[in-house]
Amino acid sequence: MASASTSAPFGTGPLVLSFANTGTNGHPVFPAKFFTVANTGTLDITAASYTATATPGTFAFRIEACASGWNEAADTCAAGRSTVLNTPASSLLSSAVPMAAGSSIRLRASATAFPRNPTTPTLTVGVDVSRSQARGATVTGS
């Protein structure tokens, strides 16, 4: 589940992020957006399929994870930054997921206009987990 919330309840369905232009029309700046991906299920998972759609299509986007945790106020990652999804891909199987049932991770989404476009872009993010990506139950005794 992708959500703008940092804690439960996380909601349902895809997450829509809007990037307001904090620059000028000639030099648009779109500050990054942070969001949570939560494992709201009862099983641990090993991977998830991320999908993202940018509107309008003239915007490039990137979704990143940070192993050390994001400093959201400074928009920095001390160590271990990795790309989860990047233009031109719109769908990717990734291991950057909350592994344990009930856990969550924070991701960062950024947008860039090509050519310089002051329009407010939106990024719709979805997360799907298939049966093969969930760790099955194990018998520990009989």
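None of the values given here were measured: they were computed from a predicted structure. (Residues numbered from 1 in each chain as written. Predicted model: local features only at pLDDT ≥ 70, side-chain atom pairs only at ≥ 80, totals over all residues. Heavy atoms only, no water.)

1. Remarks on the overall build of the protein chain
- Tallying secondary structure elements over the protein chain gives 0 helices and 11 strands in all.
- Shown N-terminal to C-terminal, the secondary structure of the protein chain runs as helices and strands in the order β-β-β-β-β-β-β-β-β-β-β.
- Each of the 142 residues in the protein chain was classed as buried or not, and the buried ones make up 34%.
- Summed over all atoms, the accessible surface of the protein chain reaches about 7,700 Å², with 54% contributed by carbon and sulfur. (Helix = DSSP H or I, 4+ residues; strand = E, 2+ residues; numbered from the N terminus. Buried < 20%, exposed > 50% of the residue type's maximum accessible area, 1.4 Å probe, protein only. Areas by Shrake-Rupley, 256 points an atom, 1.4 Å probe, with all protein chains shown as cover.)

2. Observations regarding the nonpolar core
- The biggest cluster of nonpolar side chains holds 26 residues, and the ones touching the most others in it are Phe35, Tyr50, Ile63, Leu107 and Leu123.
- Sorting the residues of this core by element identifies β2 (15-18), β3 (33-38), β4 (48-55), β5 (59-66), β8 (81-86), β10 (104-113) and β11 (122-128) as the ones contributing at least two each. (Core = buried A, V, L, I, M, F, W, Y, C linked by side-chain atoms within 4.5 Å.)

3. A short note on the packing of aromatic side chains
- One pass over the structure, following the stated rule, counts 1 aromatic pair.
- Centroid distance phenylalanine 34 to tryptophan 70: 5.6 Å. Interplanar angle 65°. Geometry classified as edge-to-face. Here the residue phenylalanine 34 occupies a position in strand β3, and tryptophan 70 occupies one in strand β6 (residues 70-71), the gap between them amounting to 36 residues.
- Under the relative-accessibility criterion, phenylalanine 34 is labelled buried at 13%. (Phe/Tyr/Trp six-rings, centres within 6.5 Å; stacked < 30°, edge-to-face > 60°.)

4. What about the pattern of salt bridges?
- This model, assessed by the stated rule, comprises 4 salt bridges.
- With a closest N to O distance of 2.9 Å, glutamate 72 and arginine 106 form a salt bridge. Of this pair, glutamate 72 sits in the loop between β6 and β7 (76-77) while arginine 106 sits in strand β10, and the two are 34 residues apart along the sequence.
- What makes arginine 106 partly exposed here is its relative accessible area of 22%.
- For aspartate 75, the salt bridge goes to arginine 108, with nearest N and O atoms at 2.7 Å. A residue pair is termed long-range when its members are at least 10 positions apart, and aspartate 75 in the loop between β6 and β7 and arginine 108 in strand β10 qualify at 33 residues.
- Look at aspartate 75 and you get partly exposed, because its relative accessible area is 32%.
- Overall, the relative accessible area of 9% leaves arginine 108 in the buried class.
- Several salt bridges converge on common partners, so that one network encompasses Glu64, Asp75, Arg81 and Arg108. (Salt bridge = Lys/Arg side-chain N within 4 Å of Asp/Glu carboxyl O.)

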